[in-house]
Amino acid sequence: MYDSPCSLQDVCVDYICENLDHLCDRSTLNRLEPSPEDNDLEEYRVNAKFPSGVKLVFKDNEVFLHTEIAEQLLTALCTKRKLNDITITLFDVRSSRLRRVCITDASDLTLCGLKVLKAHKITELETQGLKVTVNDLISCLGEWTLQNLRSLNVAHSAFADGPKYCVVVALSKLQALQTLNVSNTDFNRHGLEIVASDLPQLEHLDISNTRVDDITPLKKCRNRLKSLAMYNLKYILVSSKEEVVIEMTELRVLDMSEDRDNHPFEMFVSMGSKTNEFLSRENALEHLTSIDISGKDEIGRRELRGFVRRHPNLKFLGLVHSEACYDDCFINPRNPEYNPNLQIAGTATEEQIILALRRYQDRPLYVQKCLYNLFRLTPTFIDTRVDIIKLVLPGMRQHPEAFGVQMAATACLYNLTKGDLATRIHPSVLAQVVELSLIAMENFPNHYQLQKNTLLTLCSDRILQDVPIQKYRCARLVLDSLCAFEDPSMNRMSVAICSILAAKISTSETSQLGSRQQYMRKLLSLVRGKMETRTVDITMKFTLSALWNLTDESPTTCVVFLKEGGLDLFLGVLVTFPGEATVETKVLGLVNNIAEVP
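The structure presented is a predicted model; accordingly, all values stated were derived computationally and were not measured. (Residues numbered from 1 in each chain as written. Predicted model: local features only at pLDDT ≥ 70, side-chain atom pairs only at ≥ 80, totals over all residues. Heavy atoms only, no water.)

Peer 1: Outline a nonpolar patch on the surface, supporting the account with residue identities and numerical values.
Peer 2: A cluster of nonpolar side chains, contributed by Leu-562, Leu-567 and Leu-571, occupies part of the molecular surface with about 240 Å² of accessible area. Summarising the element assignment, Leu-562 is placed in helix α25 (residues 555-563). Its relative accessible area of 40% is what places Leu-562 among the partly exposed residues. (Patch = residues over 30% accessible without salt bridge, like charges linked within 9 Å, V, L, I, M, F, W, Y side chains within 5 Å. Areas by Shrake-Rupley, 256 points an atom, 1.4 Å probe, with all protein chains shown as cover. Salt bridge = Lys/Arg side-chain N within 4 Å of Asp/Glu carboxyl O. Helix = DSSP H or I, 4+ residues; strand = E, 2+ residues; numbered from the N terminus. Buried < 20%, exposed > 50% of the residue type's maximum accessible area, 1.4 Å probe, protein only.)

Here it is as structure tokens:
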């Protein structure tokens, strides 16, 4: 068990992100002036205004962030959800340089903040989840960037402003563009026509989950397009798609995968025959190295094997949501057609599942399918599998409200961290496990099995004693779960967790927990039930410990305890269990807590 320390550069960037108020001043200048040598930025000089006339500047005016540091700081601010119209003003061209801009969540940036980009000479730009339109974004780019931008990713953004038509004319300004990702946007066939006609350098295109209903315009770039992603094109005319793709002679990477619907109603006409015709085509896509046909219906084993044989350069094959991934030639090294150099993303083996989880983190149905199949394998793991845990966590983090993902993930995490396994996992990894488990508990408070999965994970001495977690938050959610369900095993785990955490949180926090009547009422009902059945078990002992710790130096908790009849109940416990040293110690300890408070 070990964990490599962060680099000094990473630590410094993280410190800057967490201490902006200490390191920076808020200037009241209305405009951000370019440096004297940037004589071609007059338009920027006039238009770059900032909200409320505020911008951030480093207190040390000698600070200059070279390209690598500036780009890392920008990404880090975005990751920590601290990138907004004010913090982005740190990237004044006089004190920083940006070439590759990566903003994976631009939802807190407006047109005003994005104008900072105008002064920089950007070659690669990723701004996902824009609040403004893509056309507005392009208007925030300087002339040099418009002429030299090679890669643009505007996934999860919009081209249309409200009910207006989708307008993508601004893309035609990017004459040097080689890579374009418009996935999960309102991009449509009209936009595809503009892109195919007006971008002469375009080689890599992602139109996944867009409103494109016909890819015929791509014939215009069939001799130069090297990568095409068309995942989940719901509006596409299937009869024309394969015919167009066949004509793309230079294609190396092709993604035609789909989501497999979970409802029982299937299409009346199967499209499997169309896929098999495509796979059977001779002398087509000879340069192909990667193809994804995940989610396709009725993929013929014979046709697929023939396709693989005819494409010796193939390195990747996507077969998630397809029974074809179980074909012997893909899972049995002894099969004469088995190719060790061909990676398969599927659900048949551990290797296939690992590859699929790495590749499809942004697809909730794929993540769910892979995690359910991973759960089937986890009981067979003997050694600690931190590598697997680190593949489960991103899917949980990216899809917090997808119940299928959270249900499967929490089940996997328990199997991967239970018992002695947790002692061989670094606390930093376990802290992430706990954090995402708590988010799942918050999002699905009424789902019995998911709550039970998380309690099973949390009920670990290693996690509760050695891992830096949000103890109060954890205790609160566990008590919520205790109150929501009548299940003996969940009761046992809940009171065990609370008895430990209640001793580790502050007095004010124990008071907040103990003063909630529903919590106190539930804990006392557990004690009353054990007293009535004359049972002294682990649940009884942990419940008494939890109450003892919650009342320690907490007048409000003691008041609630007394109002709920706790004192009479505890006197009854002493009478019912004479000579039970563990019971008497905890009961008298609590009574002493009451006697000590004013």
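Alright, that's what it looks like, and here's the rest.
Peer 1: I'd like to hear about the environment of Leu-152, residue by residue, with values.
Peer 2: Position of Leu-152 among the secondary structure elements: in strand β5 (residues 151-153). Each C-alpha atom of the pair Leu-152 and Arg-99 lies 12 Å from the other, and the pair is 53 residues apart in sequence. Other than its neighbours up to four places away in sequence, Leu-152 contacts Leu-125, Leu-137, Leu-171, Leu-174, Leu-177, Thr-179, Leu-180 and Asn-181. (Contact = heavy atoms within 4.5 Å.)

Peer 1: An account of the environment of Val-63 is requested, with residue identities and associated values reported.
Peer 2: Position of Val-63 among the secondary structure elements: in the loop between β2 (55-58) and α4 (67-79). Overall, Val-63 belongs to the partly exposed group, its relative accessible area being 26%. Spatially, the C-alpha atoms of Val-63 and Cys-459 are 48 Å apart, while their sequence positions differ by 396 residues. Once residues lying within four places of it in the same chain are set aside, the contact partners of Val-63 are Phe-58 and Ser-95.

Peer 1: Got a sec to walk through the packing of helix α20 (residues 471-484) against helix α22 (residues 507-514)? Specific residues and values, please.
Peer 2: Interhelical geometry of α20 versus α22 gives an angle of 15° and a closest axis separation of 11 Å. Comparing the axis directions of α20 and α22 gives the class roughly parallel. Of the two possible hands of crossing, α20 and α22 adopt the one that is right-handed. Contacts between α20 and α22 involve Tyr-472, Ala-475, Arg-476 and Leu-479 from the first element and Glu-509, Gln-512 and Leu-513 from the second. Across the contact of α20 with α22, the residue classes break down as 4 nonpolar, 1 polar and 2 charged. (Axes fitted to C-alpha atoms, helices over the stretch in contact; angles between N-to-C directions. Parallel < 35°, antiparallel > 145°, perpendicular 65-115°, else oblique. Left-handed = near helix turned anticlockwise from the far one by under 90°. Nonpolar A, V, L, I, M, F, W, Y, C, P; charged D, E, K, R; others polar.)

Peer 1: Before we move on, can you summarise the domain arrangement of the protein chain with the specific residues and values?
Peer 2: It is common to give the size of an interface as the accessible area lost on bringing the parts into contact. Here the protein chain is described as being made up of domain 1 (12-33 + 45-120), domain 2 (362-469) and domain 3 (495-597). Placing a centre on the C-alpha atoms of domain 1 and another on those of domain 2 gives a separation of 36 Å. (Domains from an automatic or database assignment.)

Peer 1: Outline the side chain of Ser-257, listing residues and values.
Peer 2: The topology assignment puts Ser-257 in the loop between β9 (253-255) and α10 (272-280). Only 2.6 Å separates the side chain of Ser-257 from the side chain of Asp-255, close enough to count as a polar contact. Not counting residues within four places of it along the chain, the set of residues in contact with Ser-257 comprises Met-230, Tyr-231, Asn-232, Asp-292, Ile-293, Ser-294, Arg-363 and Tyr-366. (Polar contact = N/O pair within 3.5 Å; in protein donor to acceptor, adjacent residues only side chain to side chain.)

Peer 1: How would you sum up the sheet that holds strand β12 (residues 343-345)? Please name residues and give values.
Peer 2: Strand order in the open sheet formed by 10 strands is β3-β4-β5-β6-β7-β8-β9-β10-β11-β12, with parallel pairing between adjacent strands. Looking along the sheet, the strands with just one partner apiece sit at the ends: β3 (100-103) and β12. Averaged over all pairs of adjacent strands, the angle between strand axes in this sheet comes to 5°, irrespective of strand direction. Bridge analysis of strand β7 (residues 204-206) against strand β8 (residues 227-229) gives 3 bridges, and the strand direction is parallel. Within β8, the position partnered with His-204 by the bridge is Ser-227. Of the strands in this sheet, β10 (290-292), β11 (316-318) and β12 touch helix α13 (residues 350-359), which is tilted by about 70° from β12. (Pairing = 2+ DSSP bridges.)

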